[in-house]
Amino acid sequence: MDRTNQPRVRFAPSPTGYLHVGGARTALFNWLYARRERGTMLLRIEDTDVERNRPELVDGILAGLKWLGIEWDEGPYFQSQRLDMYRSEAKRLLVSGAAYACYCKASSYAGADAAPAADSEEEQEGEGDDEGPKTRKNVACPCREMSEADRAAREREGVPAAIRFGIPRIGATTFEDAVFGSREVQNAEIEDFVLLRSNGLPTYQLSVVVDDLDMRITHVIRGADHLSNTPKQVLLYRALGAEPPIFAHVPLILGPDRTRLSKRHGATSVSSYADEGFLPEAFRNFLALLGWSPGDDSEFLRTSELMERFSLAGVSRTNAIFDRPKLEWFNTQYLQKLPIEDLLPCVADELRRANLWNGSQAAADPGWFARAVDLIRPRTRFLQDFTTWSRGFFTDDFDFEPEARAKFWKDERLPGMLGKLADALAALPEWNHDACDAALRQLASAEGVKAGLLINATRVAILGRAVAPPLFESMVILGQDRVASRIRRALPALSAP
Ligand code: GLU
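Source: prediction; values computed, not measured.

Undergrad: Tell me about unusual backbone geometry, and please be specific about residues and values.
TA: In this model, glycine 75 is joined to proline 76 through a cis peptide bond whose omega is 5°. Secondary-structure assignment places proline 76 in strand S3 (residues 74-78). Non-glycine residue arginine 38 carries a positive phi angle of around 55°. By secondary structure assignment, the location of arginine 38 is in the loop between helix H1 (21-36) and strand S2 (40-45). Assessed through its relative accessible area of 61%, arginine 38 is described here as exposed. Of note, the phi angle at arginine 258 is positive, near 65°, even though the residue is not glycine.

What follows is the structure, encoded as structure tokens:
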């Protein structure tokens, strides 16, 4: 198949932090775009900033993307393995006259040898926004106008040189952003930025453009914190003899107080949401609506629908607000509404995580597992609910909740009555909801107590909790032998509540 006209997008995290919500949202938009347009998504690790990189974080970023279900088609590529290419492109710009050698000491000229300043919070798009043009006036680097003789002298002395881009003195740089529309920046506002540091390492501006060209990226979809880097990159594309790709900057994610999302607002790393028991699909649905809208008020959008409906036209310029209660709402919706076969693998993972899977009935009997999950899920908000309060469905190893004991095991007649209930249940010729119900009510009336007394006490005995699914349905799921033996097992504890 000829793929030359198909979109190619990339997600390009810097391993300077964990995969955070902002990065995950950028990755998701790229992925949805690629899937919608039948294009290709690349993963590129931007690891040339030796001071800020932490290579050990790469695995965590990959794991975060995998948990989110985002599958890239090519890569991961590592910029640290492509240094020769950046160096040779910087040299090419030097030779063509678009760039010049700069011998300034790092401190002698604002921004001389520095990487783009990271934005205030590392939580968002790692490399951040280079606010250079606004914060530093375009102080011309003296090296730009250096005479050939001075240059030759410095070379002879072996003064280390950076390679700096020579911004045209006049005119303006314009580009069309698919989200933010036409943008124009006066060239006089842009400083001569460094392409290659004197230590031979590329800056972000150089490596990102060289790679996007080499990897034939057609659409750069990334955080709006990179908008102010874009004019520099556009100039760089042109100096390299190429047309820039289409840019689509997606709005920032803010906390409820409208400041940039950061740890102040709670967890920002994707892995902490995985650990908390969010469903990947619910998280995707929530993230997709941070800065994108399908154009109507639909909210519950399964991933297949997101893939069909995602478009850059639906991305808004307005900053998105990270609303944790909304995320929880999505999670509850997914726990409740997903077709059971889509939920089971997630619950199975959660049981594995809690060491409740191997050797369990859940693993051995898929039909039983589906019925158990269906019974439990109306009361769940997080995946952990399957291994905390409802763990009694999956293992005999659970505690009796102290508050439940205190509240429902008070009556001293209970040990005797529950002993009889265990016998009656064990003797039932058929095991179903109505038979269990009848056996319990018969015993209650014979003993002259309310059925509720026995129902509540039995629930604590067989599941350890006061709040659990309806008793007789739970009994059916647990099975006759297990119910009778759990009640008997609870009797000593019942005698000493
Ligand atoms: N590595 C950059 C970041 O993490 C992304 C650069 C880009 O998408 O152009 O912010």
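Anyway, onward from the coordinates.
Undergrad: Quick one: what's the story with H1, residue by residue and with numbers?
TA: Three or four residues apart is the spacing at which side chains of an α-helix point the same way, because the helix has 3.6 residues per turn. Here H1 spans 22 Å end to end across 16 residues, near enough to the 22 Å set by a 1.5 Å rise per residue. With 14 of 16 residues buried, H1 lies mostly within the body of the structure. Backbone geometry just after H1 places arginine 38 at a positive phi near 55°.

Undergrad: Help me get a handle on the nonpolar core, residues and values and all.
TA: Phe369, Phe394, Trp409 and Leu425 are the most contacted members of the largest nonpolar core, which has 150 residues in total. Sorting elements by how many residues they give to this core places H1 first, with 9 residues. Counting 8 residues, the second-largest nonpolar core is a separate cluster that includes Cys102, Cys104, Cys141 and Met146.

Undergrad: Which residues make up the pattern of salt bridges, and what values do they have?
TA: Any two side chains of opposite charge can pair, on the condition that their charged atoms come close. Under the definition given, this model contains 34 salt bridges. In this structure, arginine 44 engages aspartate 211 in a salt bridge whose closest nitrogen and oxygen atoms are separated by 3.7 Å. In this pair, arginine 44 is assigned in strand S2 and aspartate 211 in helix H6 (residues 204-214), connecting sequence segments 167 residues apart. A residue is classified by how much of its surface remains accessible, and arginine 44, at 0% relative accessible area, is buried.

Undergrad: Explain the sheet that holds strand S4 (residues 99-102) to me, using residue names and the numbers behind them.
TA: Spatial strand order, S4-S5-S8: 3 strands in an open sheet with antiparallel pairing. Edge positions in the sheet fall to S4 and strand S8 (194-196), since each of these pairs with one other strand and no more. For this sheet the average axis-to-axis angle between neighbouring strands, irrespective of direction, equals 40°. Of the strand pairs in this sheet, S4 and strand S5 (residues 162-165) are connected by 4 bridges, and their pairing is antiparallel. Of the residues in S5, the one forming a bridge with alanine 101 is isoleucine 163.

Undergrad: Which residues make up the sheet that holds strand S1 (residues 8-11), and what values go with them?
TA: Strand order across the open sheet formed by 3 strands is S1-S2-S3, with parallel pairing between neighbours. Taken across any chain shown, the strands that pair with only one partner, and hence form the sheet edges, are S1 and S3. With direction set aside, neighbouring strand axes in the sheet form an average angle of 25°. For S2 and S3, the ladder comprises 3 bridges, and the chain directions are parallel. Residue pairing in the sheet places leucine 42 in a bridge with glutamate 74 of S3. Against the sheet, helix H2 (residues 57-68) touches S1, S2 and S3, its axis set at about 155° to S2.

Cut-offs applied
- Residues numbered from 1 in each chain as written.
- Predicted model: local features only at pLDDT ≥ 70, side-chain atom pairs only at ≥ 80, totals over all residues.
- Heavy atoms only, no water.
- Helix = DSSP H or I, 4+ residues; strand = E, 2+ residues; numbered from the N terminus.
- Buried < 20%, exposed > 50% of the residue type's maximum accessible area, 1.4 Å probe, protein only.
- Expected span 1.5 Å × (residues − 1).
- Core = buried A, V, L, I, M, F, W, Y, C linked by side-chain atoms within 4.5 Å.
- Salt bridge = Lys/Arg side-chain N within 4 Å of Asp/Glu carboxyl O.
- Pairing = 2+ DSSP bridges.
- Axes fitted to C-alpha atoms, helices over the stretch in contact; angles between N-to-C directions.
- Contact = heavy atoms within 4.5 Å.

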